[in-house]
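# Structure at a glance
Listed here are the chains, written in short residue letters.
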Amino acid sequence: MALRLLTRNLRNRISPNLCSASLLHSHATSFGFKEVREEEKSQMVGKVFSNVASNYDLMNDFMSAGLHRLWKDRLVSKLSPFPGMKHLDVAGGTGDVAFRILESINSIRRRALQDPINDDLQEETRIYVCDINQNMLNVGKNRALERGLGEDKSLVWVQGDAEALSFEDNSMDGYTIAFGIRNVTHIEKVLTEAYRVLKRGGRFLSLELSHVEIPVFKELYDLYSFSVIPRLGEVVAGDRESYQYLVESIRRFPPQEKFASMIADAGFQKVEYENLVGGVVAIHSGLKI
Amino acid sequence: MYRTVVNRILFSGGGRRLLHRHRDLRTVICSSRFSTTTETQTVPNRRPLNPPDPSTSSSSSSSTSFQTSSAAGDVPRHERQNPRAEYEEEQARVLQASLRHVIRLGWSEEAMIEGAKEVGISPSIVGSFPRKEAALVEFFMDDCLQRLIDRIDSAEELQNSTPSQRINKLVRIRLEMQAPYISKWPQALSIQAHPLNVSTSFKQRAMLVDEIWHAAGDETSDLDWYVRRTVLGGIYSTTEIYMLTDSSPEFRDTWLFLDNWVEDAFDLKKTIQEAKYLAEAVGAGMGSFVGKVLQR
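Just so you know, these numbers come straight off a predicted model, no measurement behind them. (Residues numbered from 1 in each chain as written. Chains lettered and ligands numbered in written order. Predicted model: local features only at pLDDT ≥ 70, side-chain atom pairs only at ≥ 80, totals over all residues. Heavy atoms only, no water.)

## Observations regarding the packing of aromatic side chains
For clarity, the threshold we go by: Each Phe, Tyr or Trp ring, with Trp reduced to its six-membered ring, pairs with another whose centre is within 6.5 Å; inter-plane angles below 30 degrees give stacked pairs, above 60 give edge-to-face pairs, and intermediate values give tilted ones. Helix and strand labels come from DSSP, where a helix needs a run of H or I of at least four residues and a strand needs a run of E of at least two; each type is numbered from the N terminus.
What the rule picks out here adds up to 14 aromatic pairs over all chains. Taking the centre distance of 5.3 Å and the plane angle of 35° together, the rings of phenylalanine 204 of chain A and phenylalanine 268 of chain A count as tilted. Of the two residues, phenylalanine 204 of chain A sits in strand 7 (residues 198–209) while phenylalanine 268 of chain A sits in the loop between helix 13 (256–265) and strand 8 (269–276), which places them 64 residues apart along the sequence. Seen from their ring centres, tryptophan 107 of chain B and tyrosine 181 of chain B are 5.6 Å apart, and the 45° between their planes marks the pair as tilted. One end of the pair, tryptophan 107 of chain B, is in the loop between helix 4 (86–105) and helix 5 (109–119); the other, tyrosine 181 of chain B, is in the loop between helix 7 (163–178) and helix 8 (185–193), and 74 residues separate them in sequence.

Quick look at the structure:
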């Protein structure tokens, strides 16, 4: 409710003052099913995530019936992390993917098989968690403390914009973005940035809610999305609007094939995608050579 | 100037590009729904012509540039054609380098990571191999097959020997290629036996056996064809396994073993005749029995 009022106010306040020239430069993008101007989108997304940050993980568990954990496990296993890796997890605020990667690298089984030389390599591992929203990063830092990873210098929390990363060219072995690329204003920019920061041989992986095409399942999924989830948001998090935005943004996101071709356009090779749960979630991957 | 470049590309590479497009449009559709489905689509590799301009929709511009054949701005297409297969070349280079580490680290991800580092590529590329260690083993098998074919083409001593001697020699040459890795070969065999990898390893062995028979001068195309290959497959596999536990210098015992096997199995004509007689006898016995039963 508040969000809708806000957008209406913004639009009312800004539009009379706009001259025709600035209208030409301002482009519309989608915020769920609403059309909003690009400058507004990141602000509005920011508000959504500031609102949901504290309950983010709880709501994820509710909405996906805990499946999101498996999806993230699958993402990390596809990544195949290795000791000494420099990895960038974008829009990874609360740290789910980063923790999994770190645990995979540090796992006892792996350590048992390694040469002692590799222990030094383990020291060099760096997982950068980048998020545009400081609230989400704070939640993530607290969770790291709870897990005993507070002192671990492998985890680096960075606030930043996926469209304009502060990292150097060819500096990352891996790049993941889990449930984040849907929220950006310019997908192409994010993909180009991802290509820029990755080293040769580096991989881009994105985990995102995607399109279901299977006939009956699609109807059930739509029903679940539009009826159950906003209500759940209202009850559990006290914020129906944000979750309405969530389900609408899923529908507006390009389908699997289109997104794959966008990734290829950014320069990645061997672009593939894997559907999980019939297309509810898709993991896209690309290789930089 | 651009137009001549474009003409050169279109005429020399046009056919290839069409092929690529067909390959790109093909998608693998899986049947399972609620479990993981993998749909891989190799999307044409396109480098953007210039950094994406935020005020235009870059996706439409790049797709139209792929379709049109206008001269201006088409020069980058020449570069775009080369990067297409690049990742496969890089993967092959990584695997080649990884082989050098296998002796120390086994047929494993670690060896592949070391290989990638040696070649100067991020070890993340190891994650892009669908079945990681299996990719390394399969690469080695293909590589050995290729080397065997090269040896066959260049070898003169094979001309003046009987088929059985030729087979003997070829199997020996092939197994000797595995000799440096023999300490880790059991691991390779277990990887090949893994359900996910069995079909590929079976195909590779079938190709190997076929190649050896071909080089030995076998031209039959009747049922014997399958029998011969199965028999040779058996000989090859048993010798391979024997080699695993052979500690004699230069694997002398293995070669003796191989000699004995080849001589025995080589009386194929006799073996097949005997099998035929056996089948006839059994058939006759069964037939008369059934006949008696029916008569009653």
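## A look at the environment of arginine 100 of chain A
Residues and elements named next belong to chain A. Rules: Here's how the labels work: a residue is buried when its accessible area is under 20% of the maximum for its type, exposed when over 50%, partly exposed in between, all with a 1.4 Å probe on protein chains only. Contact criterion: two residues are considered in contact whenever any of their non-hydrogen atoms come within 4.5 Å of each other. N or O atoms within 3.5 Å of each other form a polar contact, as long as, within protein, one can give a hydrogen and the other can take it, and as long as residues adjacent in sequence are counted only when both atoms are side-chain atoms.
Its place among the elements puts arginine 100 in helix 6 (residues 96–106). Since its relative accessible area comes to 16%, arginine 100 is described here as buried. Considered as a pair, arginine 100 and aspartate 73 are 27 residues apart in the sequence and their alpha carbons are 7.2 Å apart. Among all residues touching arginine 100, those that are not within four sequence positions of it are Arg69, Lys72, Asp73 and Val76. There is a polar contact of 3.4 Å between the side chain of arginine 100 and the backbone oxygen of arginine 69. Polar side-chain contacts of arginine 100 include one of 2.6 Å to the side chain of aspartate 73.

## Regarding the UniProt feature "binding site: S-adenosyl-L-methionine" (unreviewed entry) in chain A
Residue and element names in this part refer to chain A. As a reminder of what qualifies: UniProt positions are given in the numbering used here, feature names are shortened, and annotations may be inferred rather than shown by experiment.
Listed under "binding site: S-adenosyl-L-methionine" (unreviewed entry) in the UniProt record, and renumbered for this structure, are Thr94, Asp131, Asp161 and Ala162. Mapped onto the fold, aspartate 131 is located in strand 4 (residues 126–131). Residue aspartate 131 is classed as buried on the basis of its relative accessible area, which comes to 7%. Setting aside its immediate chain neighbours within four residues, aspartate 131 contacts Ala91, Gly92, Gly93, Met136, Leu137, Val158, Gln159 and Gly160. Of note is the side chain of aspartate 131, whose polar atom sits 2.8 Å from the backbone nitrogen of asparagine 133. With respect to the helices, strands and loops of the structure, alanine 162 is situated in the loop between strand 5 (155–159) and strand 6 (172–178). When residues no more than four places from it in sequence are discounted, the contact partners of alanine 162 are Val90, Val190 and Glu193.

## Quick word on the pattern of salt bridges
Think of it this way: side chains of opposite charge can pair up when their charged atoms draw near. All names here are of chain A. This is how the line gets drawn: The working definition used for a salt bridge is a side-chain nitrogen of Lys or Arg within 4 Å of a carboxyl oxygen of Asp or Glu.
Considering all chains together, one arrives at 26 salt bridges over all chains under this definition. A salt bridge links arginine 69 to aspartate 61; its shortest N-O distance comes to 2.4 Å. Accessibility expressed as a relative area gives 22% for aspartate 61, which makes it partly exposed. Between arginine 100 and aspartate 73 there is a salt bridge, with the nearest N and O atoms lying 2.6 Å from each other.

## Looking at the packing of helix 7 of chain B against helix 10 (residues 224–244) of chain B
All names here are of chain B. Going by this rule: Axis geometry follows a simple rule: fit a line to the C-alpha atoms, using only the stretch in contact for helices, then measure angles between N-to-C directions, giving values from 0 to 180 degrees. Working definition: roughly parallel below 35 degrees, roughly antiparallel above 145 degrees, roughly perpendicular at 65 to 115 degrees, and oblique for all remaining angles. Helix crossings get a hand from a simple test, with the near helix turned counterclockwise from the far one by less than a right angle marking a left-handed crossing and a clockwise turn marking a right-handed one. Each residue is assigned to one of three groups, with Ala, Val, Leu, Ile, Met, Phe, Trp, Tyr, Cys and Pro labelled nonpolar, Asp, Glu, Lys and Arg labelled charged, and all others, Gly among them, labelled polar.
In the contact formed by helix 7 and helix 10, the axes pass within 11 Å of each other and the chain directions differ by 40°. When the axes of helix 7 and helix 10 are compared, the pair comes out oblique. Along this stretch, helix 7 crosses helix 10, giving a crossing that reads as right-handed. Residues Ile167, Val171, Arg174, Leu175 and Gln178 of helix 7 lie in contact with helix 10, whose contacting residues are Leu232, Tyr236, Thr239, Glu240 and Met243. When its residues are assigned to classes, the contact of helix 7 with helix 10 shows six nonpolar, two polar and two charged.

## Notes on the nonpolar core
Rules: Among buried residues, the Ala, Val, Leu, Ile, Met, Phe, Trp, Tyr and Cys ones that are joined through side-chain atoms within 4.5 Å form a nonpolar core.
Residues Leu155 and Val280 of chain A together with Trp107 of chain B are the most contacted members of the largest nonpolar core, which totals 92 residues. When residues in this core are grouped by element, the largest group, eleven residues, is from helix 6 (residues 133–154) of chain B. Contact partners of tryptophan 107 of chain B, with chain neighbours within four places excluded, come to Leu99, Val102, Glu133, Leu136, Val137, Phe140, Tyr181, Lys184, Trp185, Gln187, Ala188 and Ile191 of chain B. In terms of nonpolar packing, the next biggest core, distinct from the first, is built from 31 residues, Tyr128, Met172, Ile177 and Leu198 of chain A among them.

## Considerations on unusual backbone geometry
If you check the backbone angles, phenylalanine 179 of chain A has positive phi at about 55° while not being a glycine. Secondary-structure assignment places phenylalanine 179 of chain A in the loop between strand 6 and helix 10 (187–197). By relative accessible area, which is 10% here, phenylalanine 179 of chain A ends up buried. Positive phi outside glycine occurs at phenylalanine 251 of chain B, with the angle close to 55°. Tracing the chain through its elements places phenylalanine 251 of chain B in the loop between helix 10 and helix 11 (252–265).

## Observations concerning helix 13 of chain A
Of all ten residues in helix 13 of chain A, eight are buried; the element is thus mostly enclosed. Those residues of helix 13 of chain A that sit buried are Gln256, Phe259, Ala260, Ser261, Met262, Ile263, Ala264 and Asp265 of chain A.

## A few points about the pairing of strand 4 of chain A
Residue and element names in this part refer to chain A. Defined as follows: Only when DSSP finds a minimum of two bridges between them are two strands counted as paired.
Burial within strand 4 is extensive, with five of its six residues counted as buried. Pairing of strand 3 (residues 86–90) with strand 4, which is carried by five bridges, proceeds in the parallel orientation. From the neighbouring strand, valine 90 faces strand 4, where its bridge partner is cysteine 130. By the bridge criterion, five bridges tie strand 4 to strand 5 in an arrangement that is parallel. Each residue of the ladder has a partner; that of tyrosine 128, found in strand 5, is valine 156.

## Thoughts on helix 10 of chain B
Residue and element names in this part refer to chain B. The test is simple: How far a helix is expected to stretch is found by multiplying one less than its residue total by 1.5 Å. As used here, the arc is the angular range of directions from the helix axis to the C-beta atoms.
Here helix 10 is 21 residues long and its end C-alpha atoms lie 30 Å apart, about the 30 Å a rise of 1.5 Å per residue gives. For helix 10, the complete set of buried residues consists of Asp224, Arg228, Arg229, Leu232, Gly233, Ile235, Tyr236, Thr239, Glu240 and Met243. Looking straight down helix 10, one finds that the buried residues subtend no more than 165° of arc, so they occupy a single side. Summarising the geometry of helix 10, the exposed residues directed more than 90 degrees from the buried face are Tyr226, Thr230 and Ile241.

## Some thoughts on the pairing of strand 7 of chain A
All names here are of chain A. As a reminder, the rule being used: Note on handedness: a clockwise path from strand one over the helix to strand two, with the strands aimed away from the viewer, defines a right-handed crossover.
The buried fraction of strand 7 is high, at ten of twelve residues. Judged from the six bridges that link them, strand 6 and strand 7 form a sheet pairing that is parallel. Across the sheet, threonine 176 pairs through a bridge with leucine 205, a residue of strand 7. As for the winding sense of the linkage, the β-α-β connection from strand 6 through helix 10 to strand 7 is right-handed.

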